[in-house]
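Commentary on secondary and tertiary structure
One-letter residues, chain by chain:
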Amino acid sequence: MIDEPLEDHADDAPVQEPRLWKGMGWTAKVIKNDEDEGWAVAMIKDGEPEPALVGPWTMGRDKKNPKPLDMSAFNTLVKTASEVLRRHEQQLHAQLHKHVILFSNGEELKITLDIVPDDEHPYALLSAFDTSGERLAQVRVRADYKLSPAKATEWVEAEYPAPRGV
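Model, not experiment: these values are computed from the prediction.

1. Observations concerning unusual backbone geometry
Residue K63 is not a glycine yet carries a positive backbone phi of 60 degrees. With respect to the secondary-structure elements, K63 resides in the loop between β5 (53-57) and α1 (71-96). Overall, the relative accessible area of 65% leaves K63 in the exposed class. For N105, which is not glycine, the phi dihedral falls at a positive 50 degrees. Residue placement: N105 occurs in the loop between β6 (97-104) and β7 (107-116). Exposure remark for N105: the relative accessible area of 81% places this residue in the exposed category.

Structure, rendered in structure tokens:
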């Protein structure tokens, strides 16, 4: 569906054609929707191989061809596609970075778990920080380590040992 080559245009020049718009770091391409009789629009961020967003596109007045792209539609598509990427990045960050706050000996500590998603040998770093942000300890743990307030408290009270089996 997206495999058709884009028409040859200078990379930095804006393009404003009925089915192809380029600008602001994005390309909008109206394409035939293979799954039904309609049309779709693909939003591709410059330098990326896959679209960030593919959605239905409005039929034109003849009910056969797609409605042409225009500045308003392009701006809306850029905003929507950028938001999709931002949410994806936030979700990925939330999956890879966890933390708990706890109190130990009258001190507030932030315990973090940062997963390193290596294809062959993923792992995570378990760290303790004081209120000024100074790292008190850091150990390597399994990527599937489940950080919880109870586990963090145990780790701190045992004076930050490296977990077994890592």
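2. Concerning a negative patch on the surface
The grouping of D34, E35, D36 and E37 at the surface amounts to a negative patch. Following the sequence through the fold, E35 ends up in the loop between β3 (26-32) and β4 (39-45). With a relative accessible area of 77%, E35 lands in the exposed category.

3. Considering the packing of aromatic side chains
Any two aromatic rings considered together are summarised by their centre-to-centre distance and by the angle between their planes. Applying the stated criterion across every chain, the model contains two aromatic pairs. Seen in terms of ring centroids, W155 and Y160 are 5.0 Å apart; in terms of plane orientation they differ by 75 degrees. Their pairing is edge-to-face. Stacked on the ring of W39, the Lys or Arg K32 has its end atom at 5.3 Å from the ring centre. A cation sits over an aromatic face here: K151 above Y145, 4.2 Å from the ring centre.

Calculation criteria
Residues numbered from 1 in each chain as written. Predicted model: local features only at pLDDT ≥ 70, side-chain atom pairs only at ≥ 80, totals over all residues. Heavy atoms only, no water. Helix = DSSP H or I, 4+ residues; strand = E, 2+ residues; numbered from the N terminus. Buried < 20%, exposed > 50% of the residue type's maximum accessible area, 1.4 Å probe, protein only. Patch = residues over 30% accessible without salt bridge, like charges linked within 9 Å, V, L, I, M, F, W, Y side chains within 5 Å. Areas by Shrake-Rupley, 256 points an atom, 1.4 Å probe, with all protein chains shown as cover. Salt bridge = Lys/Arg side-chain N within 4 Å of Asp/Glu carboxyl O. Lys, Arg positive; Asp, Glu negative; His and termini not counted. Charge placed at Lys NZ, Arg CZ, Asp CG, Glu CD. Phe/Tyr/Trp six-rings, centres within 6.5 Å; stacked < 30°, edge-to-face > 60°. Lys NZ or Arg CZ within 6 Å of the ring centre and 35° of its normal.

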